[in-house]
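Descriptive analysis of the structure
The primary structure of each chain is shown beneath.
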Amino acid sequence: MWLNPEEVLLKNALKLWVTARSNDFFLLQRRRGHGEPPGRITGLLVGALDSVLDSNARVSPFRILLQVPGSQISWVIASGAAVEEVNKHWDWLVHNLLHSLSVFENKEDVASFVRGKVKGLIAEEARGRQAAQEEEPDKFREAQLKLELHFGLPASEKLVTFYSCCCWKSRVPRQGFLFLSINHAAFYSFLLGKEVKVLLPWAEVTRLERVSGGLMTEAVRISTRRRQREFSMFLNPDEAFGVVGQLADIALRRLLDSEGLEVDRVLQQPARITKRVLEEQALRDYVLALFRLPRGERLHEVAACSVWAPHARCHAAGTLYATDGYLCFSGRVEGSCILLIPLAEVLSIEKAESTALLPDPVIVSVRSKKAFQLIELQNRDELLENLNSRLRALQWKQSVFRSRRDGRRSASAPTPYYTFYYDQDEAEEAEERVLRNTVNSEALMTAFQNRGPPGGGAKEVEAGTRVQRAATSRGSEVKPTAHLSVSPQRLKERLWEEHFSEFGRGVHMFRTEKIQKLVAMGIPESLRGELWMTLSDASSELEDHPGYYARAVQKSMGVSSLATEEIERDLHRSLPDHPAFQNPTGIAALRRVLTAYAHRNPKIGYCQSMNILASVLLLYAKEEAAFWLLVAVCERMLPDYFNCRVIGAQVDQSVFEELIRDRLPELAASVPDLAALSSASLSWFLTLFVSVLPFSSAVCVMDGFFCHGIKAIFQLALAALSANAAPLAACTDDGQALMILSSFLDQVGSEGACPPPSEDGGGVPAVRNTNISDLINESYERFGDITVRQIERLRCRHRIRVLQNHEDTTKEHALRAVASDVSLSVDAASSLYDLFRTEHFISVYWGDRSAAAAAQASAWRRAGRSSGERQYRLDRAQFKSLYGLLAPWPGGSAHHADTLADRTFSLLDEGEGLVSFRDVARWLDTLYCEELNEKIRLLYRLHIPPALTESEEDPSVMKSSQLSTNRPLRVNPSSGEEVDYQQQLQQMLKDLLKEKDVEKPLALMNQREFIQFCKTLYSMFHGDPEENDLFQAIATVTSLVLQIGEVGHRGPAPGPAPGPASEADEWTVSFAQVLASLLTEPALVSFLEKPLDLSAKLEAARQNQYSQRGALLSLTGTSGTR
């Protein structure tokens, strides 16, 4: 690589270099020992010298020197680890510079010219490496320094990008720069002598909006819990708004829901986040959502191209997306033409001869004896090399797996599926026992098709006529059958067979607008399972994981957990009206699928509504296929829906509210609170309308869902509200609105006649019957322009609101939990919680990675309930920082203040190395709000064990306040029998917890502990106006207590006392004696009873928290680890 020219006084000092090539101006040298036969003494010596040197100081084995004739000074201009690398640089110098240097008369000009040229090459290389990330590296580095300088942030606060813009403050625009880092948005302006600084942590952002009006052009509004700021006059407002939304979303997911939400591995490492990474991540999220790929897929290449579409007899222009395991093509208009080719299905990817009509063609051959032609591929050779490399790796992996699988099969006979027994009834029927150990090889609907749910096959002649009319209305697009007597199911099957012959069959079928029209009519029952597997690509997962389901069922056999208990509770609630689930066969199959999935994904385990979805899947797909369909729904098509807090579903409800305001403005204007409508629609999204529509209509909705993804559910939900806009606008309460929607959905798809509209007893107007196909078609026509890209962008913004709402709820619960224990005001407790949480965030921002990870993991606790409740806790270093901000008294020297913080943490810690918000709130309440006796009691406890240890530099692990010094744990058994010390300790703790309501006397204080107590009292008075009087008072108290201790020390009767009783001869005083002595001095009483302004202390702590922690982390060096 090229190097900044560096002077070398001796070209071959100590004979460490050997010249390989030379001319008048340049030398190519190699390090001795490299490229020489082994065993030479000089090579061994140089190799030993290089190996001893530090890794940062080791010299590259090859280098190029610039030499000026007649000068003793040379310059190193290039180096390399391989001879090929430096030879390339040498050839460039010879061909481009050597002839030009001979025209210079002054040899010094030669050196200046070459050095300048090399620096230009270095800058060009730097621009080439960083162009994709930062267009102007120098300006970017300058912006990073400004961010650190103006806002006092550590160097680890990585800047992502920055924009020139205006910040509106009191209707006055301030021109400056908006710096966007991994944890903050910071604005700085210095104009006409006025400085403006705005620092907004992403963790505090509650809403992002684009607003316009008045003097302000289109602006980005960032709202926090305290204020909102508007930034405008961006050169590219769309880009700025997108980056702001992405950074806020990533930061909140990382800080507030790291366990519940999937975050890409790259985004989990803040030091790797750049503007380019954000752009790639946004595109990857869009591709995963559009093609509904597994969440672990990485996007590698994106190329514009055209694909030959046999159904259209022409090439369709669009974009090719290449991921780890897929080739994905999308037309220029989203949804116009979609093609999905799993690499596991590909046999070869080859380039063909390029012609004028077919430029840069590539042929992709698949196992089904089909080939796809791509043309106009940019960088075809490089793309082809990358694709074939991944294809070869995948084929090798498949061959290895196949050979191992065949070896296992030959070694042992195949074992059947087995499930476990949940029922405790020993008199269970033998038939059901057999069913529990048998996996269904066919869909349940094949066994129960003649006993389907009501309305599933009624009035077939009328239904067939309707399907025929729907097909005829599409003209030549779909060829209808002339025989009206054909059943609707058979007619649909014929239409789909015609579609397969034209567009292909299987996962790599062309998906165009025509498939949308067929899906709207409803997929025939005989093809429904196959098409669900194809459209969701669950078939690829099934083929890639042969035998996986069998192993999952076998491993989960007999395992009892919270998930299995919930599954058992909901088994008989799944489609209870369907005969398939009134039978042990269906119940056993449902149990196996749900339990196997809980074993596969313990993070989700089991969530309500999964049983309903799994039931429908089992009706139309084989049991193993139904399992993989459930995997596709839970992990790809409805991400983050099925966890303890259903974050994904709540995000989509928030997105749905915005779509209502945007697409149904009249309804939004008439309904003041859209939350009622979104709460009613929550079950629509969680169960895909299965729980609210008649079964025959609900499966048609699932057809559309597997074809179009979540977009189909949004469109149908908007169509349902649009159909009831007038009655909903006239509603007087939320209950009436819910009844209107429920009544409407109950009759969707019904074939029977309905009475004329009338008012029933509840005041809800009767509604006419609506056909589900008509409703789906209406949703496509009115709301079909809603795109996957739009939904993904809305999800990114609304996830911020949902996570912050959860955070507010968590805060309310924490404040409510401590309200009965402390006398802090509501505002003070709220401010304290904010400081407590921010202290945790700061450690995650800039602290040591291992400590931050441990603190982050400890933020989640199980509160004895089925759902997880977030509770922040601080470790020792975090608490000490908070102590320095909130302690009411100066504490004297910094060392002693740090010692007191350590003791306080040891006192509050319950043995886990962490303290909770409740612990800190009680501590602060004692110092600021409690009576004099309690304050002295706290000070006393800070100077006896467990707070005070024998060696404060190495505090004991056993710091629990439950362990008292006057109740030692006896580890020496009286007899020779073995003692389970852990059990003994647990029993002691149980006994202590039983007596926790009884206030026990504090342990006695010995002389060493009392000296430390006095030292603390002296430090408390430092800087007080009455300092002299207080010092005199504490001197008097100290003398008095020392005398009391001496009297007690001489008090016991003479005569040696064996064993532990000899400890009674030690100098000790009790808490009552110390308290009585302190109360004798009015100056001390007045000082300790003086009211303290907690609100001012909390506000000062909020303002200084960042600067204090940033300076501390910079000093300790943790900020240097990026």
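Because the structure is predicted, anything quoted here is derived from the model rather than measured.

Moving on to the sheet that holds strand β14 (residues 314-323). Sheet architecture is open: 8 strands sit in the order β17-β18-β19-β13-β14-β15-β16-β20, paired in antiparallel fashion. Pairing within the sheet leaves two strands with one partner each, and these edge strands are β17 (346-351) and β20 (511-512). Relative to strand β19 (residues 371-375), strand β13 (residues 299-309) runs antiparallel, the two sharing 2 bridges. Following the sheet pairing, Val 307 is matched in β19 by Leu 374.

Turning our attention to a negative patch on the surface. There is a patch of like negative charges on the surface, built from Glu 930, Glu 931, Glu 934 and Glu 1089. When you line up the elements, Glu 1089 lands in helix α40 (residues 1082-1089).

Glancing now at the packing of aromatic side chains. The tally for this structure, following the rule as stated, stands at 35 aromatic pairs. A centroid spacing of 5.8 Å and a plane angle of 50 degrees characterise the contact between Phe 187 and Phe 231, whose relative ring orientation is tilted. On the criterion of sequence distance, the pair formed by Phe 187 in strand β8 (residues 184-191) and Phe 231 in strand β12 (residues 228-232) is long-range, its members being 44 residues apart. Both residues of the pair, Phe 187 and Phe 231, count as buried. Between Phe 372 and Phe 510, the ring centres sit 6.0 Å apart and the planes meet at 55 degrees, which makes this aromatic pair tilted. Pair noted here: Phe 372 is in strand β19 and Phe 510 is in the loop between α12 (488-503) and β20, with a separation of 138 residues, a long-range link. According to the relative accessible area criterion, Phe 372 is buried, its value standing at 6%.

Turning next to unusual backbone geometry. Leaving glycine aside, a negative phi is the common case for residues, and trans is the common case for peptide bonds. Following Pro 945, the chain continues to Pro 946 via a peptide bond in cis, the omega torsion being 5 degrees. One can find Pro 946 in the loop between α35 (932-941) and α36 (981-994). One non-glycine residue, Glu 376, adopts positive backbone phi at about 60 degrees. Here Glu 376 shows up in the loop between β19 and α8 (380-411). Residue Glu 376 is classed as partly exposed on the basis of its relative accessible area of 42%. Positive phi values are uncommon outside glycine, yet Asp 640 reaches one of about 65 degrees. Take Asp 640: it is sitting in the loop between α20 (623-637) and α21 (647-663). Asp 640 sits in the buried class, given a relative accessible area of 19%.

The next thing to look at is helix α6 (residues 237-256). End to end, α6 covers 28 Å across 20 residues, agreeing with the expected 28 Å (1.5 Å per residue, within 8%). Judged by how many residues are buried, α6 sits mostly within the fold: 16 of 20 residues are covered.

Read from one edge to the other, the open sheet built from 5 strands follows the order β1-β5-β4-β3-β2, with strand pairing classed as antiparallel. The strands lining the two open edges of the sheet, one partner per strand, are β1 (2-8) and β2 (17-22). Along the sheet, successive strands turn relative to each other by an average axial angle of 30 degrees, direction set aside. Where strand β3 (residues 26-31) meets strand β4 (residues 62-67), 5 bridges bridge the pair, whose relative direction is antiparallel. Looking at the pairing, Gln 29 lines up with Arg 63 of β4.

On to the packing of helix α14 (residues 525-536) against helix α24 (residues 695-708). The geometry of α14 relative to α24 is characterised by a closest axis approach of 8 Å and an angle of 30 degrees between their N-to-C directions. With respect to each other, α14 and α24 are oriented roughly parallel. Residues Arg 528, Trp 532, Leu 535 and Ser 536 of α14 form the contact with α24, whose participating residues are Val 699, Cys 700, Met 702, Asp 703, Phe 706 and Cys 707. Its residues assigned to classes, the contact of α14 with α24 shows 7 nonpolar, 1 polar and 2 charged.

Let us look at the environment of Leu 630. Here Leu 630 shows up in helix α20. You can call Leu 630 buried: its relative accessible area is 0%. Residues Leu 630 and Asn 611, 19 residues apart in the sequence, show an inter-C-alpha distance of 9.9 Å. Not counting residues within four places of it along the chain, the set of residues in contact with Leu 630 comprises Val 593, Leu 594, Tyr 597, Met 610, Ala 614 and Leu 617.

The element helix α19 (residues 610-620) is extensively covered by neighbouring structure, given that 11 of its 11 residues are classed as buried. When we look at burial in α19, the residues that qualify are Met 610, Asn 611, Ile 612, Leu 613, Ala 614, Ser 615, Val 616, Leu 617, Leu 618, Leu 619 and Tyr 620.

Cut-offs used in this document
- Residues numbered from 1 in each chain as written.
- Predicted model: local features only at pLDDT ≥ 70, side-chain atom pairs only at ≥ 80, totals over all residues.
- Heavy atoms only, no water.
- Pairing = 2+ DSSP bridges.
- Helix = DSSP H or I, 4+ residues; strand = E, 2+ residues; numbered from the N terminus.
- Patch = residues over 30% accessible without salt bridge, like charges linked within 9 Å, V, L, I, M, F, W, Y side chains within 5 Å.
- Areas by Shrake-Rupley, 256 points an atom, 1.4 Å probe, with all protein chains shown as cover.
- Salt bridge = Lys/Arg side-chain N within 4 Å of Asp/Glu carboxyl O.
- Lys, Arg positive; Asp, Glu negative; His and termini not counted.
- Charge placed at Lys NZ, Arg CZ, Asp CG, Glu CD.
- Phe/Tyr/Trp six-rings, centres within 6.5 Å; stacked < 30°, edge-to-face > 60°.
- Buried < 20%, exposed > 50% of the residue type's maximum accessible area, 1.4 Å probe, protein only.
- Expected span 1.5 Å × (residues − 1).
- Axes fitted to C-alpha atoms, helices over the stretch in contact; angles between N-to-C directions.
- Parallel < 35°, antiparallel > 145°, perpendicular 65-115°, else oblique.
- Contact = heavy atoms within 4.5 Å.
- Nonpolar A, V, L, I, M, F, W, Y, C, P; charged D, E, K, R; others polar.

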